[in-house]
Amino acid sequence: MIHFIRWPLVVAMVVLLSGCADFTKQPYKSSAAAPIKKVLIATQTDFPKADFGVDSEMAMMGLVGTTISLSTVDGQTQTLDEILADQGPRYHQQFLADLTSALGAAGISAQTVAVKKNAGTGLADNYQSLVSGKNVDAILDIQILQAGYGDAHLAQDPGVRPILRVRARLVSARDFKTLYADDISFGYINSLLDAKGIKAPGKYYFQDTQLVLFEKKRAAEGLRVAATEVARFLIGQFTNQSIASAR
C-alpha cells in the first residue's frame with residue numbers, strides 16, 4: 001500500500017542562497033567587452049534535487065508549498081526527485097544541454113567545469129584560476145538555487161507549477177570584470193522578488209501535489225521546459241537572440 005506523507009508547511013527547497021551579499025545585478029553592455037567566441041561555463045558540483053516547497057524568501061512574498069513523499073509498507077520513501085528519475089533527462093542535464101545549444105546557435109563555443117561555489121553568493125570566488133590554461137573569452141558562472149514544484153498565492157496565481165531559480169554572472173576572461181549578472185525565476189513572478197520572472201505555461205500547472213506525483217511524465221517535462229526557457233532566456237541576454245520572454 002502507498003501512503004502520502006504531507007507536511008503542510010512552507011518548506012525550504014535548498015539551503016537559502018538568495019542573500020544579496022556580494023552579488024550585484026548588471027545588464028549586459030556589448031560595448032564593455034570584446035566579441036565573445038568561447039565561453040567557460042562554471043557550474044556547481046551538486047545540483048538541487050527536484051522537490052516540493054519553496055525557499056523562505058519566496059514564502060515571505062506569498063508563495064506556499066508542501067513537501068510530499070511516497071511511503072510504502074516496508075517503510076521506504078521516495079522524494080519527488082526519485083519519482084521523476086526514470087522520466088528522461090534530469091532538469092539540470094537539460095539546462096546544461098540547452099545552455100550549450102543556445103551558445104552554439106549564437107556562434108559561441110562552450111566548455112563546462114564543475115566548481116565549488118561561495119556559500120553566500122552561490123558563485124565562484126576565483127575566476128583567474130578557472131581560466132588558467134584555457135583559451136576562452138568569458139566565464140559564465142551559473143548556480144541553480146532551487147528546482148521543483150510549488151504553489152503561489154491562491155488568489156493571485158493558483159496551481160502547483162514547475163519552479164526554477166537560477167543565478168548567473170558573465171565575467172571577462174581578460175580582466176575578470178563582470179559583464180552581466182542576474183537572477184532568473186521561472187514559475188513565480190512577484191515584484192518583491194529581485195529576479196527576472198518567466199511564467200510557466202498553463203500546461204504544466206497541476207491542481208495539487210498529488211497530481212504532480214501521479215502524472216510523472218508531464219511533471220518531468222515541466223521541469224525540462226523550465227530548464228530550456230531559463231537557459232535560452234539567459235543566453236539571449238548577451239547575444240542577439242530573443243528566445244524567451246521575461247518580465
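Residues numbered from 1 in each chain as written. Predicted model: local features only at pLDDT ≥ 70, side-chain atom pairs only at ≥ 80, totals over all residues. Heavy atoms only, no water.

Colleague: I keep staring at the overall build of the protein and nothing clicks. Help me out?
Modeller: A tally of regular secondary structure across the protein gives six helices and ten strands. Per-residue burial over the protein gives 50% buried out of 247 residues. By sequence separation, contacts in the protein at least 24 residues apart represent 74% of the contacts at least 6 residues apart. On the protein, roughly 11700 Å² of surface is accessible, and the fraction owed to carbon and sulfur atoms is 52%. (Helix = DSSP H or I, 4+ residues; strand = E, 2+ residues; numbered from the N terminus. Buried < 20%, exposed > 50% of the residue type's maximum accessible area, 1.4 Å probe, protein only. Contact = heavy atoms within 4.5 Å. Areas by Shrake-Rupley, 256 points an atom, 1.4 Å probe, with all protein chains shown as cover.)

Colleague: Quick question: what am I supposed to make of the confidence of the model for the protein here?
Modeller: Here the protein averages 80 in pLDDT, while 74% of its residues score no lower than 70. Residue range residues 1-20 is modelled with pLDDT below 50. Its contacts to residues more than four positions away, or to other chains, number 66 contacts. The low-confidence segment residues 55-67, where pLDDT is below 50, has 52 contacts with residues more than four positions distant or belonging to other chains. (pLDDT = per-residue confidence, 0-100.)

Colleague: Which parts of the structure should I look at to understand the packing of aromatic side chains?
Modeller: Centre-to-centre distance and the angle between the planes together describe a pair of aromatic rings. Counting across every chain of the model gives three aromatic pairs. Centre to centre, the rings of Tyr180 and Phe238 are 6.1 Å apart; their planes meet at 45°, and the pair counts as tilted. Placement of Tyr180 in strand S9 (residues 178-186) and of Phe238 in the segment after helix H6 (216-236) is noted, with a sequence separation of 58 residues between them. In this pair, the class of Tyr180 matches that of Phe238, namely buried. Taken together through their ring pairs, the aromatic side chains of Tyr28, Tyr180 and Phe238 make up a single cluster. (Phe/Tyr/Trp six-rings, centres within 6.5 Å; stacked < 30°, edge-to-face > 60°.)

Colleague: How do you make sense of the packing of helix H3 (residues 91-105) against H6 when you look at a structure like this?
Modeller: What describes two packed helices is the angle between their axes and the distance between those same axes. H6 packs onto H3 with a crossing angle of 30° between their chain directions and a minimal axis gap of 8 Å. Taken together, the axis directions place H3 and H6 in an arrangement best described as roughly parallel. Seen along the crossing, H3 lies across H6 with a hand that is right-handed. Contacts between H3 and H6 involve Tyr91, Gln94, Phe95, Asp98, Leu99, Ala102 and Leu103 from the first element and Leu223, Arg224, Ala227, Thr228, Val230, Ala231, Leu234 and Ile235 from the second. Considering only residue class, the contact of H3 with H6 consists of eleven nonpolar, two polar and two charged. (Axes fitted to C-alpha atoms, helices over the stretch in contact; angles between N-to-C directions. Parallel < 35°, antiparallel > 145°, perpendicular 65-115°, else oblique. Left-handed = near helix turned anticlockwise from the far one by under 90°. Nonpolar A, V, L, I, M, F, W, Y, C, P; charged D, E, K, R; others polar.)

Colleague: Sorry if this is basic, but what is going on with the pattern of salt bridges here?
Modeller: Opposite charge on two side chains makes pairing possible when the charged atoms of those side chains draw close. For the coordinates displayed, the defined rule picks out eleven salt bridges. In this structure, the salt-bridge partner of Arg90 is Asp81, at a minimum N-O distance of 2.9 Å. Relative accessible area serves as the criterion here: at 9%, Asp81 is assigned to the buried category. Where Lys117 meets Asp141, a salt bridge forms, and the shortest distance between an N and an O atom there is 2.8 Å. Of this pair, Lys117 sits in the loop between strand S6 (109-115) and helix H4 (127-131) while Asp141 sits in strand S7 (residues 138-151), placing them 24 residues apart in sequence. The exposure classification of Lys117 matches that of Asp141, with both residues buried. The network of salt bridges with shared partners includes Lys25, Asp182 and Lys196. (Salt bridge = Lys/Arg side-chain N within 4 Å of Asp/Glu carboxyl O.)

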